[in-house]
Number of protein chains: 2
Amino acid sequence: MIELLKSNIERTIGMSIPEGNCSVFSELLFEKHFDKKDILTEAGTICKYIYFITEGSCYSYLRDDKGDVHAIQFGLEGYWISDLYSFISGKGAVYTIEALETTKVLALNKEQFQKACDTIPIFDKYFRILIQNAYVALQYRLAKTNSVEAEKLYLEFSNLHPDFIQRIPQYLIASYLGIKPQSLSRIRKELTTKK
Amino acid sequence: MIELLKSNIERTIGMSIPEGNCSVFSELLFEKHFDKKDILTEAGTICKYIYFITEGSCYSYLRDDKGDVHAIQFGLEGYWISDLYSFISGKGAVYTIEALETTKVLALNKEQFQKACDTIPIFDKYFRILIQNAYVALQYRLAKTNSVEAEKLYLEFSNLHPDFIQRIPQYLIASYLGIKPQSLSRIRKELTTKK
DNA sequence: CGGTCTCTTGACGGAGTTCAAAGCTAGTGG
DNA sequence: CCACTAGCTTTGAACTCCGTCAAGAGACCG
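Only a predicted model underlies this, so the values are computations on that prediction, with no experimental measurement involved. (Residues numbered from 1 in each chain as written. Chains lettered and ligands numbered in written order. Predicted model: local features only at pLDDT ≥ 70, side-chain atom pairs only at ≥ 80, totals over all residues.)

Colleague: Help me out: how do you make sense of the pairing of strand E4 (residues 58-63) of chain B in this one?
Modeller: Strand residues, when the strand is regular, have side chains that alternate between the two faces of the sheet. Residues and elements named next belong to chain B. The element E4 is largely enclosed, with a buried count of 5 among its 6 residues. In terms of strand pairing, E4 meets strand E5 (residues 69-75) through 6 bridges, oriented antiparallel. Within the sheet, the bridge partner assigned to Tyr61 lies in E5 and is Ala71. Here E4 hands over to E5 after 5 residues, with Gly67 in that stretch at a positive phi of 90°. (Buried ≥ 20, exposed ≤ 12 C-beta atoms within 10 Å, placed from the backbone. Helix = DSSP H or I, 4+ residues; strand = E, 2+ residues; numbered from the N terminus. Pairing = 2+ DSSP bridges.)

In structure tokens form, the structure reads like this:
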């Protein structure tokens with residue numbers, strides 16, 4: 001269970017974790033289980049946890065004034081997901097997080113997160129790298145959104161995340177790319193007839 | 001000079017800086033001067049510094065396959081600007097950073113940045129918060145880009161950053177918002193006639 | 001005062017949206 | 001185990017916002 005997280009950390013920071021640290025982890029993290037369509041965090045409420053997905057998949061979304069859903073982020077096994085703003089500030093969440101499948105996570109509340117950062121320097125470093133990477137990737141994604149047509153956006157996405165294409169419904173991928181499901185359907189049709 | 005940074009740190013982390021730390025700063029940071037249109041970092045080369053702007057303004061941009069420029073980020077007095085990916089990884093920068101006016105910055109290279117984080121815990125914390133905030137804001141910006149028409153995007157931007165509207169050329173603001181200068185011109189016309 | 005850079009305006013075109021309806025597909029209950 | 005339903009995907013036709021191309025007006029700098 002915790003093995004996935006451990007290997008994830010080691011891969012990210014490029015060094016192996018001392019044995020002692022693992023037991024500290026086990027104490028801080030606790031498992032949670034969600035069924036498909038369960039809500040991990042509701043927009044407006046305080047997001048008390050960051051979740052590390054060990055099984056299944058989730059996504060976060062923003063609901064706009066018209067009530068339309070806009071997918072923000074997907075998470076599969078080995079991904080963290082949360083409303084970071086709410087988690088850190090303690091204010092109401094902007095996004096809702098929902099399970100796409102039967103999902104198991106390791107949850108960490110703010111206090112435990114602090115403790116993990118304070119007592120396990122490697123974890124502190126790990127999380128810093130994670131956010132830096134997420135920030136850099138996001139900046140690039142926005143730049144692409146503003147400069148490239150939807151077809152190329154989809155191609156890049158499917159090359160980068162073939163696993164997402166397999167497991168995440170098309171209408172959510174469309175939403176994530178900033179287009180309508182109908183448009184993505186037409187794009188996919190175009191792509192298959194091209195080949 | 002360094003006062004601006006000091007007050008910036010104090011405002012961000014919500015506590016005052018011990019006297020001793022300031023002198024450490026002065027040793028690590030060094031001043032640089034740029035004229036309008038000078039390049040702080042060129043895409044493709046390694047971005048060796050993060051810059052804290054004390055006077056003037058800059059922007060970072062991505063040049064796409066067609067040679068078109070896409071504004072990524074603006075920086076005025078009190079803002080940090082860099083190609084974070086390149087700075088951290090030591091690989092070639094994705095973005096170019098250019099001065100929009102005569103600009104003075106405090107520069108910090110990787111080694112000095114490390115030293116600052118290691119010896120000044122407050123600085124470490126400050127930078128973590130900065131990136132977290134930037135990440136959260138960016139995520140929200142992308143969500144808006146994908147859900148809101150250009151007019152509202154511009155209105156939000158001008159409400160949030162009236163100082164940017166004053167000092168940054170309109171064609172760059174258009175680029176930042178992901179639209180063409182002509183479109184922004186028309187949007188602005190619409191808005192004035194509406195009132 | 002001439003040249004370059006920025007902003008504006010007009011006409012047209014195209015990528016993606018909207019509205020609507022019909023196929024699919026997977027999950028549910030009988 | 002099949003039938004039914006709800007949700008997802010596909011397809012068509014009309015529309016809309018923004019992009020493209022082009023030209024002119026204004027501003028700024030040497």
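Moving on from the coordinates now.
Colleague: Would you mind going over the packing of helix H5 (residues 121-145) of chain A against helix H5 (residues 121-145) of chain B with me for this structure?
Modeller: When two helices pack together, their arrangement is given by the angle between their axes and by how far apart the axes lie. Relative to each other, H5(A) and H5(B) sit at 30°, their axes nearing to 9 Å. Between H5(A) and H5(B), the angle is such that the two are roughly parallel. In this structure, the crossing between H5(A) and H5(B) has a hand that is left-handed. Side by side, H5(A) and H5(B) meet where A:Arg128, A:Ile131, A:Gln132, A:Ala134, A:Tyr135, A:Leu138, A:Gln139, A:Arg141, A:Leu142 and A:Thr145 of the first sit next to B:Arg128, B:Ile131, B:Gln132, B:Ala134, B:Tyr135, B:Leu138, B:Gln139, B:Arg141, B:Leu142 and B:Thr145 of the second. Its residues assigned to classes, the contact of H5(A) with H5(B) comprises 10 nonpolar, 6 polar and 4 charged. (Axes fitted to C-alpha atoms, helices over the stretch in contact; angles between N-to-C directions. Parallel < 35°, antiparallel > 145°, perpendicular 65-115°, else oblique. Left-handed = near helix turned anticlockwise from the far one by under 90°. Contact = placed C-beta atoms within 7 Å. Nonpolar A, V, L, I, M, F, W, Y, C, P; charged D, E, K, R; others polar.)

Colleague: Teacher, can you tell me more about the domain arrangement of chain A here?
Modeller: Often, the extent of an interface is quoted as the loss of accessible area upon association of its parts. All names here are of chain A. According to the domain assignment, chain A consists of domain 1 (2-144) and domain 2 (148-195). The C-alpha-based centres of domain 1 and domain 2 are spaced at 25 Å. The interface is formed by 9 residues belonging to domain 1 together with 10 residues belonging to domain 2. At 4 residues, strand E5 (residues 69-75) tops the list of elements feeding residues into the side of domain 1 that touches domain 2. Of the residues contributing to the side of domain 1 that touches domain 2, the split by class is 6 nonpolar, 2 polar and 1 charged. (Domains from an automatic or database assignment.)

Colleague: Teacher, can you tell me more about the interface of chain A and chain B here?
Modeller: In this complex, chain A contributes 25 residues to the contact, which on the side of chain B involves 25 residues. At the level of secondary structure, the elements contributing two or more residues to the side of chain A that touches chain B comprise E5, helix H3 (84-89) and H5 of chain A. In terms of residue count, H5(A) provides more of the side of chain A that touches chain B than any other element does, 13 residues in total. In the side of chain A that touches chain B, the residues fall into 14 nonpolar, 7 polar and 4 charged.

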